[in-house]
Amino acid sequence: MHELKAKVASVIDAHAQALTHFGNDVFAHPEIGFREERTATRIAESLRRLDLEVEEGLAITGVRARLRGAKPGPVICVIGELDGLPVPGHPNADPATGVAHACGHNAQLTHLLGVATALIESDAAAHLAGEIVFLAVPAEEYVDLEWRTDLARRGKVEFLGGKPELLKNGVFDDVDLAMMVHASGTPNGNRLSMTWNYNGFVAKQARFIGRAAHAGNAPYRGINALNAATLAIQAMHMQRETFRDEDHIRVHPIITRGGDAINVVPADVRLETFVRGASLEAIDEAAAKVDRSLHAGALALGASVEIRTLSGYLPLAVNRDLGNVFRENAVELVGAACYGESPSNSASTDAGDLSHVMPMLHPNHGGCEGANHTVDFRITDPIDAYVTPAKAMAPSGTAEALRQVTPSPAASARCNPPTPDAECAIV
Ligand SMILES: [Zn+2]
Ligand SMILES: [Zn+2]
């Protein structure tokens, strides 16, 4: 076992330069969720060069390849996310779209490729029972809601996130456990780390409808939808003292349409927010307060409001057995002083949905700086961003995981997250 691990690690090291080139190339060509065509083609080509059979077009842009072991056994899925997110002004943003890899998903695809390369070149498959599935998944960032809801309306997807959509399509039906390593941009001194729990959320889209009027000569004839939305946001802020610390509630509205012309009283104003929390009950309770606030803003101004609730992602709980295996490998690689753990993070991921269906591993890597989702995020140490996580994950995902983890029954359940207060996936 020790020999095999060393061989796998040395193959990854030997490919460090090529992996860095791949990771940087993806970083330089960011694409938004469900439209990651170039990125999907790049990862598909790279997997084909390893002589793997590759399927494309899963949930529009997803890519899958399989590596079969010597005998039947559990199916382990190594995940890399394909998408960037809108961060206009990021130095590496696509000038046409404003989309940037400000969450480090380019590194995940590099890990996926590193693990695949290592398991194939080291001939580890000959020692494995079961299969490794390499899965590049679309659309983890829950953004671009108008475009995605339209996509759903046209029947192209049902869910607005890649993993729930792949779950619904049955792509995880034969998978027993899943793993990925996510970038941790905010420096915490750790080269590898683990956060055991993440928030879930629902998304709200609100449309305030007022009455247009000339803003100079007759504003009294109008109903100002922007004022209604502003008041609703204030009402949401007033709720904050009722949020319990342990529920990790996050409500962070933005106005996506604030008015059409400066000299017209705004009559159509749109607002979006997430309502995040550590449990479904907490999300449900906070979402009801947000709804009340939205209605209150409209009521005060004599406007009306249409509220749409979209199922977001479920809270993530990292599987303890898998996490313990990863910790062992991580400490062996980077030393105890450079490995850290924290109980929870208030961000969210659709890996949460997977964690309700199968054991899920979702640790973090360093090698990057700047807060995730901001113009400051960048890769500063390609070895720690691209190479070290692959070396930590490859053995976690192979023999030791097979020995130590009791996999769930194959994930035959269709994903239908019991997200509170949601009309349905999308209406
Ligand atoms: Zn992100
Ligand atoms: Zn991310």
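Residues numbered from 1 in each chain as written. Chains lettered and ligands numbered in written order. Predicted model: local features only at pLDDT ≥ 70, side-chain atom pairs only at ≥ 80, totals over all residues. Heavy atoms only, no water.

## A look at the coordination of the zinc ion (ligand 1)
Put simply, the ideal angle at a metal is 109.5 degrees for four donors in tetrahedral geometry and 90 or 180 degrees for six donors in octahedral geometry.
(1) Moving on: Coordination sphere of the zinc ion (ligand 1), protein contribution only: Cys103 (SG), Glu141 (OE) and His373 (NE2), at 2.0 to 2.2 Å.
(2) Moving on: If you look at the zinc ion (ligand 1) and the zinc ion (ligand 2), they sit 3.0 Å from each other and are both ligated by Cys103. Placement of the pair is Cys103 in the loop between strand 5 (99–100) and helix 4 (105–121) and Glu141 in the loop between strand 6 (129–137) and helix 5 (145–153), with a sequence separation of 38 residues. In this pair, the class of Cys103 matches that of Glu141, namely buried. (Donors = N, O, S within 2.8 Å, 3.2 Å for Na, K, Ca; no water. Helix = DSSP H or I, 4+ residues; strand = E, 2+ residues; numbered from the N terminus. Buried < 20%, exposed > 50% of the residue type's maximum accessible area, 1.4 Å probe, protein only.)

## Re empty space enclosed by the protein
(1) Moving on: In this structure the tally under the stated criterion is four cavities of 30 Å³ or more.
(2) Moving on: What the second largest cavity holds in volume is close to 50 Å³.
(3) Moving on: Along its surface, the second largest cavity is lined by Thr242, Phe243, Arg244, Asp247, Ile249, Ala282, Glu285, Ala286 and Lys289.
(4) Moving on: Looking at the lining of the second largest cavity, its residues break down into four nonpolar, one polar and four charged. (1 Å grid on protein atoms, 1.4 Å probe; cavity = no way out; pocket = protein on both sides within 12 Å on 5 of 7 lines; lining within 4 Å. Points joined across faces, edges and corners; volume = space filled by probe spheres on them. Nonpolar A, V, L, I, M, F, W, Y, C, P; charged D, E, K, R; others polar.)

## Topic: the packing of helix 2 (residues 16–28) against helix 3 (residues 37–48)
(1) Moving on: Helix 3 packs onto helix 2 with a crossing angle of 165° between their chain directions and a minimal axis gap of 10 Å. Between helix 2 and helix 3, the angle falls in the class roughly antiparallel. Considering only the axes of helix 2 and helix 3, their crossing is right-handed. Counted together, Phe22, Asp25 and Val26 of helix 2 and Arg38, Thr39, Arg42, Ile43 and Ser46 of helix 3 form the full contact between these two elements.
(2) Moving on: Classifying every residue of the contact of helix 2 with helix 3 gives three nonpolar, two polar and three charged. (Axes fitted to C-alpha atoms, helices over the stretch in contact; angles between N-to-C directions. Parallel < 35°, antiparallel > 145°, perpendicular 65-115°, else oblique. Left-handed = near helix turned anticlockwise from the far one by under 90°. Contact = heavy atoms within 4.5 Å.)

## Some details on the packing of aromatic side chains
Two descriptors summarise a pair of aromatic rings, namely the distance from one centre to the other and the angle between the planes of the rings.
(1) Moving on: By the definition in use, this model includes five aromatic pairs.
(2) Moving on: Ring centres of Tyr142 and Phe201 lie 4.9 Å apart, and the angle between their planes is 85°; this geometry places the pair in the edge-to-face category. Of the two residues, Tyr142 is situated in the loop between strand 6 and helix 5 and Phe201 in strand 9 (residues 192–209); the sequence distance between them amounts to 59 residues. In this pair, the class of Tyr142 matches that of Phe201, namely buried.
(3) Moving on: Their ring planes at 20° and their centres at 4.1 Å tell us that Phe201 and Phe274 sit as a pair that is stacked. Residue Phe201 is found in strand 9, and its partner Phe274 is found in strand 12 (residues 268–277); the two are separated by 73 residues along the sequence.
(4) Moving on: In this structure Phe274 comes out as buried when scored by relative accessible area, which is 13%.
(5) Moving on: The lysine or arginine in question, Arg35, covers the ring of Trp147, its NZ or CZ lying 3.7 Å from the ring centre.
(6) Moving on: Its guanidinium or amino end placed over the ring of Trp196, Arg320 lies 3.9 Å from that ring's centre, counting from NZ or CZ. (Phe/Tyr/Trp six-rings, centres within 6.5 Å; stacked < 30°, edge-to-face > 60°. Lys NZ or Arg CZ within 6 Å of the ring centre and 35° of its normal.)

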